[in-house]
Amino acid sequence: MFQAFQRWPGRITLALAAASAVYSASANAGEQGDPTKALRSEVTISAGAGGPTIDPDIYGQFVEHLGRGVYEGIWVGPDSAIPNVRGIRSDVVAALRRVKVPVIRWPGGCFADGYHWRDGIGPADKRPRGINAAWSKSPETNAFGTHEFMDFLGQIGAKPFISVNLGSGSVREADDWLRYMTAPQDSAPGAERAANGRAQPWEVPFIGVGNESWGCGGNMSADTYAAAFRHYSAFLRTYSGERAKLIAVGADTDDYAWTDRVMAQAMKWRSQPTPLSLTTDRPLMWGLSLHFYTFAGNDWHAKGRNVDFDENAWAAALARADLTDELIRRHSEIMDRYDPEKRVALAVDEWGGWFQSEKDAPSQLYLESTLRDALIAAKSLNIFNRHADRVKMANLAQMVNVIQSLVLTRGAAMVVTPTYHVFDMYKVHQGAQALPVTVATPDYIQGKVRLPGIDVSASRDAAGKLHVTIANLDPARANRLNIRLDGGPWRRASARVLTADRIDTRITFEGPDPFVPQPLPARLTAGGVELDLPSKSVTVLEVE
Ligand code: AHR
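Fair warning: this is a prediction, and the values are worked out from it, not measured in the lab.

Calculation rules
- Residues numbered from 1 in each chain as written.
- Predicted model: local features only at pLDDT ≥ 70, side-chain atom pairs only at ≥ 80, totals over all residues.
- Heavy atoms only, no water.
- Helix = DSSP H or I, 4+ residues; strand = E, 2+ residues; numbered from the N terminus.
- Rg over C-alpha atoms; globule rule 2.2 N^0.38 Å.
- Buried < 20%, exposed > 50% of the residue type's maximum accessible area, 1.4 Å probe, protein only.
- Contact = heavy atoms within 4.5 Å.
- Areas by Shrake-Rupley, 256 points an atom, 1.4 Å probe, with all protein chains shown as cover.
- Lys, Arg positive; Asp, Glu negative; His and termini not counted.
- Charge placed at Lys NZ, Arg CZ, Asp CG, Glu CD.
- Near = heavy atom within 4 Å.
- Polar contact = N/O pair within 3.5 Å; in protein donor to acceptor, adjacent residues only side chain to side chain.
- Nonpolar A, V, L, I, M, F, W, Y, C, P; charged D, E, K, R; others polar.
- Core = buried A, V, L, I, M, F, W, Y, C linked by side-chain atoms within 4.5 Å.
- Pairing = 2+ DSSP bridges.
- Axes fitted to C-alpha atoms, helices over the stretch in contact; angles between N-to-C directions.
- Phe/Tyr/Trp six-rings, centres within 6.5 Å; stacked < 30°, edge-to-face > 60°.
- Lys NZ or Arg CZ within 6 Å of the ring centre and 35° of its normal.
- Disulfide = S-S within 2.5 Å.
- pLDDT = per-residue confidence, 0-100.
- Salt bridge = Lys/Arg side-chain N within 4 Å of Asp/Glu carboxyl O.

### Focus on the overall build of the protein chain
Scanning the protein chain from terminus to terminus reveals ten helices and 28 strands. At 23 Å, the protein chain has a C-alpha radius of gyration in line with the 24 Å of a compact globule built from 544 residues. Along the longest, intermediate and shortest principal axes, the C-alpha atoms of the protein chain span 70 × 65 × 45 Å. Every one of the 544 residues in the protein chain was classed for burial, and the buried ones make up 58%. By sequence separation, contacts in the protein chain at least 24 residues apart represent 75% of the contacts at least 6 residues apart. Accessible area for the protein chain stands at about 20900 Å²; split by element, carbon and sulfur atoms hold 51% of it. Across the protein chain, the 59 positively charged side chains and the 61 negatively charged ones have centroids separated by 3 Å.

Below, the structure is given as structure tokens:
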């Protein structure tokens, strides 16, 4: 079926486009089974339209004490033979700097609600050897704590998003941590920090108030969590820099009732102000989170393999990733009822592909990285861009060596993943203005899965350059794409594409990187640009 989709923040309109489409539905349907014939699609971009800014923090990351995410992945210690600066491995830092990681969420995840920050400060040899209760009761040396995390951020140029312990901690413990990090040196907490090597207070722009409090963070009901959030929010102050932005625990996937209850009970300081009482309009929370993971299907207990998968598993994973759009739309609709001005952000602070780890995986939740991950990332980031009016932050789970990662390490070796290349290609959207996009494309059909064959987002940066990112989901068919642009005149167009031989091509430590994006010819036409998208590919187009 040939369909036109208008995709724009909070709204999808779907219309049969037989009359307006320049290609006939039947012609494309006839080509569905013939990989030698390119499909045809048309994208219209209102280059002059004003749209919301794509917050750079949509390209954020998440790191947890889990598997080799922190230990080996980031921290090797100052005495390691692996090149490092103050214990932080230099290859990983250099790679992350290149993709402009804007913000990192730490220390968890489920780990956060069992983490006691005092264990991770002070002389290395005095730190207690603990147990990571959230993840396999593995040893936790506490060698990587607050100072090391902040040093790591400084080396890559990213901001901290600190998740405080609401599950097994206390308001006092969280307040003390914030004082320790942000108070001036002439206060007791500031002096203690200085004695541990950091005189200047750090800035802490984002604070996560617990993690998954409906599950590993405390098995709370939405009402219980809302009450806890209200309580914590009164004490989570920073003592230097700007007021910290509080991120409340939001829903697991499609738990819309959670969003409704937490917005109703925790967004406002006073929901029913009396005529003479003090009140304020400022929401208690800056953001509400959403966690959503992609498997091959919709079963948490059968996520599918991350290697050697077939086209059904490819399609099932992309179909699940596609649900990101519906989830954001429906959670946003609920938020709109309480917050029509969109002052509270939706922070998708855990997302990514989560498949079954191989039996011989070197560490917990370690996944090989394949072309499918690149498509999941491209599709998800396009969706976040299109919802930039509400989605102000997103954090890939989890940056290094854990589930969908940007980089993988093995001892002294490091490789960047296909997901890394997608973040590199998409970094041009950071801080740019989102543009409305209309897509007319044949569906990609595999078994019961039916999805628009291409997925697109677009933005215009401060210099006036236009960037369009496109995922071609079809594993067998190329797609001739005609992009119609208003505005202009457009003088130059260039594109790069990421693809691979097979849907399950994976990155290895042995061979060369098969995913390095390559130039793709981009032809300026009277009304825009024409591109030939290879099958199973991710493309970034720049037009000036
Ligand atoms: O990212 C892995 C885990 O997934 C996190 O610790 C938790 O928050 C989520 O359930």
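### As for unusual backbone geometry
For the peptide bond that leads from W106 to P107, omega is 5 degrees, which places it in the cis range. With respect to the element layout, P107 can be found in the loop between β7 (103–106) and β8 (130–132). Following A397, the chain continues to Q398 via a peptide bond in cis, the omega torsion being -5 degrees. Within the element layout of this structure, Q398 appears in the loop between β15 (391–397) and β16 (407–410). Notably, K137 is not glycine yet its phi reads approximately 50 degrees, a positive angle.

### Observations concerning the environment of F295
Here F295 shows up in the loop between β13 (287–294) and α8 (311–338). Contacts of F295, omitting those with residues within four sequence positions, involve W300, K303, A316, A317, R320, W354 and F355.

### Concerning the site of the ligand
Taken together, F62, E64, G109, C110, W135, N211, E212, Y293, E350, W354, Q398 and I403 are the residues near the ligand. One of the backbone N or O atoms of C110 is found 2.9 Å from an oxygen atom in the ligand. Relative to its unbound accessible area of 280 Å², the ligand is 94% covered by the protein chains. Among the residues making up the shell around the ligand, the classes are represented as six nonpolar, three polar and three charged.

### Observations concerning the nonpolar core
If you look at the biggest cluster of nonpolar residues, it comprises 133 residues, and the most contacted ones within it are I104, F152, Y225, M285 and L406. No other element matches α8, which puts eleven residues into this core. In this structure L406 touches Q61, L96, V99, V101, L396, M399, V415, V416, T417, T419, Y420 and F423, once residues within four positions along its chain are discounted. Listed in part, the 25 residues of the second largest apolar core include V439, A458, V497 and L520.

### A short note on the sheet that holds strand β21 (residues 454–460)
Within the open sheet, the six strands sit side by side as β18-β21-β22-β28-β24-β25. Their pairing is antiparallel. Looking at which strands have only one partner, the edges of the open sheet turn out to be β18 (433–435) and β25 (518–520). Each strand axis lies, on average, 25 degrees off the axis of its neighbour in the sheet, ignoring direction. Relative to β25, strand β24 (residues 493–498) runs antiparallel, the two being bridged by three bridges.

### Description of the pairing of strand β20 (residues 449–452)
Regular strands show a simple pattern: their side chains alternate between the two faces of the sheet. Relative to β20, strand β19 (residues 437–446) runs antiparallel, the two being bridged by four bridges. Following the sheet pairing, I445 is matched in β20 by R450. Hairpin connection of β19 to β20: two residues between the antiparallel strands, including G447 at a positive phi of 60 degrees.

### A closer look at the packing of aromatic side chains
Centre-to-centre distance and the angle between the planes together describe a pair of aromatic rings. As enumerated under the stated definition, the model contains 20 aromatic pairs in all. When the ring of W351 is compared with that of F384, the centres are 5.3 Å apart and the planes differ by 80 degrees; the resulting orientation is edge-to-face. Of this pair, W351 sits in strand β14 (residues 345–353) while F384 is found in helix α9 (residues 371–386), placing the two residues 33 residues apart along the sequence. The class of F384 is buried, set by a relative accessible area of 0%. Connected via pairs of aromatic rings, a cluster forms that spans W75, W106, F111, Y115, W117, F144, F149, W177 and Y180. Its guanidinium or amino end placed over the ring of F295, K303 lies 5.7 Å from that ring's centre, counting from NZ or CZ. Over the face of the ring belonging to F309 we find R372, whose NZ or CZ atom lies 3.6 Å from the ring centre.

### What to know about the sheet that holds strand β4 (residues 60–62)
Within a sheet, adjacent strands bond to each other through the backbone by hydrogen bonds, running parallel or antiparallel. If you walk around this closed barrel you meet the eight strands as β4-β7-β10-β11-β12-β13-β14-β15, and the pairing is parallel. In this sheet, neighbouring strand axes are inclined to one another by 30 degrees on average, regardless of whether the strands run parallel or antiparallel. As paired strands, strand β12 (residues 245–252) and β13 are joined by four bridges and run parallel to one another. The residue bridging A248 from the neighbouring strand is L288, located in β13.

### Remarks on the state of the cysteines
Per the counting criterion, the structure on display carries one disulfide. Between the sulfur of C110 and that of C216 lies a disulfide, 2.2 Å long from S to S. Between C110 and C216, the S-S torsion sits near -85 degrees, and that sign places the bridge as left-handed. Of the two residues, C110 is situated in the loop between β7 and β8 and C216 in the loop between β11 (206–209) and α6 (222–233); the sequence distance between them amounts to 106 residues.

### Describing the pairing of β7
Burial along β7 is two-sided: V103 and R105 facing one way and I104 and W106 facing the other are all buried. Pairing of β4 with β7 involves two bridges; the strand directions are parallel. What sits directly across from F62, in β7, is R105. Taken together, the four bridges between β7 and strand β10 (residues 159–164) define a ladder with parallel strand orientation. Among the inter-strand pairings, W106 is bridged to a residue of β10, identified as I162.

### Some words on the confidence of the model for the protein chain
Across the protein chain, pLDDT averages 93, with 93% of residues at or above 70. For residues 1–33, every residue scores under 50 in pLDDT, and the model assigns this stretch 78 contacts once sequence neighbours within four places are set aside.

### Considering the pattern of salt bridges
Overall, the coordinates contain 36 salt bridges when judged by the stated rule. For D308, the salt bridge identified is with R305, shortest N-O distance 3.8 Å. Within this structure, D336, D339, K342, D389 and R390 form a network of salt bridges that share partners.

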